[in-house]
Amino acid sequence: MEFYLTRDENALYHECGYSCDNAILLRLGEERYFFTDGRYSLEAKGVIQNAEVIESSDLVKSARAMLKRLSPRRMIYNPLELSVGFFNDLSRGLKTRFTPIPHFHQKRRIIKTPYEVELIAQSQRLNVKAYERFARYLSEKGEGKTESRLHFEARRFLEKKGKYELSFNPIVGINGNAAKPHALPTSDRLKEGDLVLFDAGVKFERYCSDRTRTACVGEAMSFDKTQHFKDSTLQKIYDTVLKAQEHAIKHARVGMKAKEIDALARGVIEEAGYGSYFVHSTGHGIGLDIHELPVISKRSETVIEEGMVFSVEPGIYIPHHYGVRIEDLVVMREGKAQVL
């Protein structure tokens, strides 16, 4: 029997097919109780089929009353999700034992169903089309535009006139700014021959996509993986990152620990002499959240299983000069990594 509570919007959606910014979900065995206020209760009642929707002007008080009445022996919660004040108000005086398990709901959904995998795949297909539109824009109109303007235009292509939400605020970095893995847009202007790093994603039916490409700007440029740079050192770095990414994808297997997949990519970069310039983990899970489990890092002991979906995105970042990152999403299927 499962007993837990959550306020996280993506966890709420996964449980009930609906979420809002002011709700508490109590899962008590086979029963679910969705507490929300009058702004959302009518819509919630029209959408939610598998939980009792309870309208309340004081969610904590109502949830406390339910817990006091039913008196479950144990409730799991994510300590990273709830404030101290909220937790104290909810749990004070109850006989229920509250058990903190960080990211417990992400752990519940770490294995994606075939339907979820297809939603992520469709999200990524839409993302790829946006990349193609943005590449044409950069080729035809990008020269002389600032990073800030390019960031604005990228959002426009991704959102497609408001049709799609973004998975996260996209990253557009030119040359030295691309050396910052999560670069903010600047007033630097794009010119032919520049390196541009583009990291972006959209949502399809709430499920996220994520992709990164590094490209050389010029006539008829593209975000294909085949790229040619005049700078021989940059070309070596780019080829090293591409080799690392493809090596990790090719050799990733069900049954490996996540740190072993990280080592596949990191080993290639270290062998090329750039190990100290690979400053983040190799990947992360993705789904309703842009960053989910598993974490593909050098410390992660998570055993990789069928149905896990995660990014593979090694990078090399040379401060003040350039940064290169290449990212795809993979699903573990039939024991191997398949690119979505």
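Residues numbered from 1 in each chain as written. Predicted model: local features only at pLDDT ≥ 70, side-chain atom pairs only at ≥ 80, totals over all residues. Heavy atoms only, no water.

Draft legend 1. Layout of the pattern of salt bridges. Enumeration over the complete set of coordinates arrives at 22 salt bridges. Measuring nitrogen to oxygen at the nearest pair gives 3.5 Å for the salt bridge that ties E292 to R109. Taken as a pair, E292 in strand β13 (residues 292-296) and R109 in the loop between α5 (104-108) and α6 (114-141) lie far apart in primary sequence, 183 residues in all. Salt-bridge contacts for E292 lead to K112; the nearest nitrogen and oxygen are separated by 3.0 Å. (Salt bridge = Lys/Arg side-chain N within 4 Å of Asp/Glu carboxyl O. Helix = DSSP H or I, 4+ residues; strand = E, 2+ residues; numbered from the N terminus.)

Draft legend 2. Representation of the sheet that holds strand β8 (residues 195-200) within the structure. Across the sheet, which stays open at both edges, the three strands sit in the order β7-β8-β11 with antiparallel pairing between neighbours. With one partner strand each, in any of the chains shown, β7 (171-174) and β11 (211-216) form the two edges of the open sheet. Strand-to-strand twist in this sheet, taken as the mean axis angle between neighbours without regard to direction, amounts to 10 degrees. Here four bridges tie β7 to β8, and the two strands are oriented antiparallel to one another. (Pairing = 2+ DSSP bridges. Axes fitted to C-alpha atoms, helices over the stretch in contact; angles between N-to-C directions.)

Draft legend 3. Molecular detail of the packing of helix α3 (residues 59-70) against helix α4 (residues 84-91). Following both chains from N to C, one finds α3 and α4 inclined at 40 degrees, their axes separated by 8 Å at the closest point. Classed by the angle they form, the pair α3 and α4 counts as oblique. Across the interface between the two elements, V60, A63, R64 and L67 from α3 touch F86, D89, L90 and S91 from α4. Partitioned by chemical class, the residues of the contact of α3 with α4 number five nonpolar, one polar and two charged. (Parallel < 35°, antiparallel > 145°, perpendicular 65-115°, else oblique. Contact = heavy atoms within 4.5 Å. Nonpolar A, V, L, I, M, F, W, Y, C, P; charged D, E, K, R; others polar.)

Draft legend 4. Fine view of the environment of L184. For L184, the position within the fold is in the loop between β7 and β8. A relative accessible area of 62% places L184 in the exposed class. For the pair L184 and E147, spaced 37 residues apart in the sequence, the C-alpha separation amounts to 8.7 Å. Discounting residues that sit within four places of it in the chain, L184 has contacts with E147 and N177. (Buried < 20%, exposed > 50% of the residue type's maximum accessible area, 1.4 Å probe, protein only.)

Draft legend 5. Spatial organisation of the packing of aromatic side chains. Under the defined criterion, the tally for this structure stands at 14 aromatic pairs. The interplanar angle of 80 degrees and the centroid separation of 5.4 Å between the aromatic rings of Y131 and F223 together place this pair among those described as edge-to-face. In this pair, Y131 sits in helix α6 while F223 sits in the loop between β11 and α8 (232-251), placing the two residues 92 residues apart along the sequence. The same class applies to Y131 and to F223, which are both buried. (Phe/Tyr/Trp six-rings, centres within 6.5 Å; stacked < 30°, edge-to-face > 60°.)

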